[in-house]
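# Fold and contact review
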Amino acid sequence: MDHMAIADRRQLRRKLGFWRIAALLLLVVIGFVSYRLLAGDKTGAAAPHVARVNISGMITDDRELVERLEKIADSNEAKALIVSISSPGGTTYGGERLYQAIRKVAAKKPVVSDIRTLAASAGYMIATAGDEIIAGESSITGSIGVIFQYPQVDEVMKKIGVSLEEIKSSPLKAEPSPFHPASDDAKAMIRSMIMDSYGWFVDLVAERRKLPRDEVLKLADGTIFTGRQALNVKLIDKLGGDDDIRDYLASRGISRDLPIVEWKDSDSSSSFWFAHALAGLFRYMGITMPIAPDALEGWGPSKLFLDGLVSVWQVGNG
């Protein structure tokens, strides 16, 4: 084969490779655009539906979730809301923000709180925002209370020969400190703050569950309850699952034929979809990605810090 034939074949191979890659990229773009259009059915559906929002893991000040709930409240096509909760709790402020956002939805359409495996502390706080609370017989809920924790490293510092000197404008500035035991005044200050937040939580439960405050105080000692126990003390309305949720919504005039559509964080879901699409494209082309798209998930909302007063059920802590 002469040099001209070899050169022509190489040029043809390059052209074929270019158009193959261009066609694959076009398919990815078309798929991405189609996904974004279909995502409208999940985050602002054009057809009547029942919206569902999942709240799981540690509860914090989640602005995106609050905004999503506000969109559901304003959506003419979202006829009702199911809030599915699987959370041990979190910050009291984070729970308060979500509680208020859910109540704004409830002012316009029926809301059901769906307690799954666990909805304790701030998780239960959020559940009380629903018009109806439904839980499984073995679900865990309750743990009404507030906690403030801080580490103590002064003994460790003494062992390694390190000391900390400080000059403060007043004795309660920057208290409690991890570098020395809290004074009685510091403990009193923190306890006052905790009890104020605790009183707000108790009042909220009493109001939403239509229970006497004295009765709620008996339940608000940090005790956790199974779904069956919670029903007996009126912390929830019913034991059941999806069929019971549908029954309640039907009693509020919501058709059983309406589809349940999960409203997700569209930005994160679309970005991961695109990453997976690119990964598939690279695999097709024989290119190995050094980092899998799933590896990015560790840098998402789960990497959070808890700050301030906390309402959380902690297994194994005394």
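Cut-off values and rules
Residues numbered from 1 in each chain as written. Predicted model: local features only at pLDDT ≥ 70, side-chain atom pairs only at ≥ 80, totals over all residues. Heavy atoms only, no water. Helix = DSSP H or I, 4+ residues; strand = E, 2+ residues; numbered from the N terminus. Buried < 20%, exposed > 50% of the residue type's maximum accessible area, 1.4 Å probe, protein only. Contact = heavy atoms within 4.5 Å. Areas by Shrake-Rupley, 256 points an atom, 1.4 Å probe, with all protein chains shown as cover. Polar contact = N/O pair within 3.5 Å; in protein donor to acceptor, adjacent residues only side chain to side chain. Axes fitted to C-alpha atoms, helices over the stretch in contact; angles between N-to-C directions. Parallel < 35°, antiparallel > 145°, perpendicular 65-115°, else oblique. Left-handed = near helix turned anticlockwise from the far one by under 90°. Nonpolar A, V, L, I, M, F, W, Y, C, P; charged D, E, K, R; others polar. Phe/Tyr/Trp six-rings, centres within 6.5 Å; stacked < 30°, edge-to-face > 60°. Patch = residues over 30% accessible without salt bridge, like charges linked within 9 Å, V, L, I, M, F, W, Y side chains within 5 Å. Salt bridge = Lys/Arg side-chain N within 4 Å of Asp/Glu carboxyl O. Pairing = 2+ DSSP bridges. Right-handed = clockwise from strand over helix to strand, strands pointing away. Core = buried A, V, L, I, M, F, W, Y, C linked by side-chain atoms within 4.5 Å.

## Overview of the overall build of the protein chain
- Looking only at helices and strands, one finds 10 helices and 10 strands in the protein chain.
- Counting across all 318 residues of the protein chain, residues that qualify as buried make up 37%.
- Counting contacts in the protein chain only where the partners sit at least 6 residues apart, residues at least 24 apart contribute 76% of the total.
- When the accessible surface of the protein chain is summed, it comes to about 18,800 Å², and 56% of that surface belongs to carbon and sulfur atoms.

## Structural notes on the side chain of Arg-246
- By secondary structure assignment, the location of Arg-246 is in helix α9 (residues 242-251).
- A polar side-chain atom of Arg-246 sits 2.6 Å from the main-chain carbonyl oxygen of Leu-258.
- If we skip the residues at most four places from it in the chain, Arg-246 touches Val-50, Ser-255, Arg-256, Leu-258, Pro-259 and Ile-260.

## Looking at the packing of helix α3 (residues 92-106) against helix α6 (residues 184-209)
- Where α3 meets α6, the closest approach of the two axes is 12 Å, and the angle between their N-to-C directions is 25°. Relative to α6, the element α3 is oriented roughly parallel. Handedness of the α3/α6 crossing: left-handed. For the pair α3 and α6, contact is made by Thr-92, Glu-96, Tyr-99 and Arg-103 and by Ser-197, Trp-200, Leu-204 and Arg-208, respectively.
- Taken together, the residues of the contact of α3 with α6 break down into three nonpolar, two polar and three charged.

## With respect to the packing of aromatic side chains
- What the rule picks out here adds up to one aromatic pair.
- Here the aromatic rings of Phe-148 and Tyr-150 are separated by 6.3 Å at their centres, their planes lie at 50°, and the arrangement is tilted.
- Phe-148 sits in the partly exposed class, given a relative accessible area of 25%.
- Judged by relative accessible area, which is 31%, Tyr-150 ranks as partly exposed.

## Overview of a nonpolar patch on the surface
- Residues Val-156, Ile-160 and Val-162 make up a contiguous nonpolar surface patch of roughly 270 Å² in combined accessible area.
- Within the secondary structure, Val-156 is located in helix α5 (residues 154-160).

## What about the pairing of strand β2 (residues 78-87)?
- Counting buried positions over the 10 residues of β2 gives eight, a clear majority of the element.
- Sheet topology note: the strand β1 (residues 49-56)/β2 ladder contains eight bridges and is parallel. Bridging across to β2, Asn-54 finds its partner in Ser-84.
- Between the parallel elements β1 and β2, the chain passes through helix α2 (residues 63-74) in a crossover that is right-handed.

## As for the nonpolar core
- Counting 50 residues, the largest nonpolar core has Val-53, Ile-55, Leu-69, Ile-72, Leu-81, Leu-98 and Leu-235 as the members making the most contacts within it.
- Here this core takes eight residues from α6, the largest share from any one element.
- The contact partners of Ile-55, leaving out residues within four places of it in the chain, are Leu-65, Val-83, Ser-84, Ile-85, Ser-86, Ser-87, Leu-98 and Ile-126.
- In terms of nonpolar packing, the next biggest core, distinct from the first, is built from 10 residues, Val-50, Ala-80, Val-112 and Leu-258 among them.

## Description of the environment of Val-233
- Here Val-233 is to be found in the loop between α8 (227-232) and β8 (238-239).
- The spacing of Val-233 and Leu-219 is 14 residues in sequence and 8.2 Å in space, taken between C-alpha atoms.
- Here Val-233 is in contact with Leu-211, Leu-219 and Phe-225, once residues within four sequence places are set aside.

## Brief notes about the pattern of salt bridges
- Tallying each qualifying case throughout the model produces 14 salt bridges.
- The salt bridge involving Lys-108 is made with Asp-74; its shortest N-O contact spans 2.9 Å. Placement of Lys-108 in the loop between α3 and β4 (111-120) and of Asp-74 in helix α2 is noted, with a sequence separation of 34 residues between them.
- Relative accessible area serves as the criterion here: at 53%, Lys-108 is assigned to the exposed category.
- Residues Arg-213 and Asp-203 are paired through a salt bridge, measuring 2.5 Å at the closest nitrogen-oxygen approach. One end of the pair, Arg-213, is in helix α7 (residues 213-219); the other, Asp-203, is in helix α6, with 10 residues separating them in the sequence.
- Residue Arg-213 is classed as partly exposed on the basis of its relative accessible area of 37%.
- Since its relative accessible area comes to 37%, Asp-203 is described here as partly exposed.
- The network of salt bridges with common partners includes Arg-52, Asp-114 and Arg-116.

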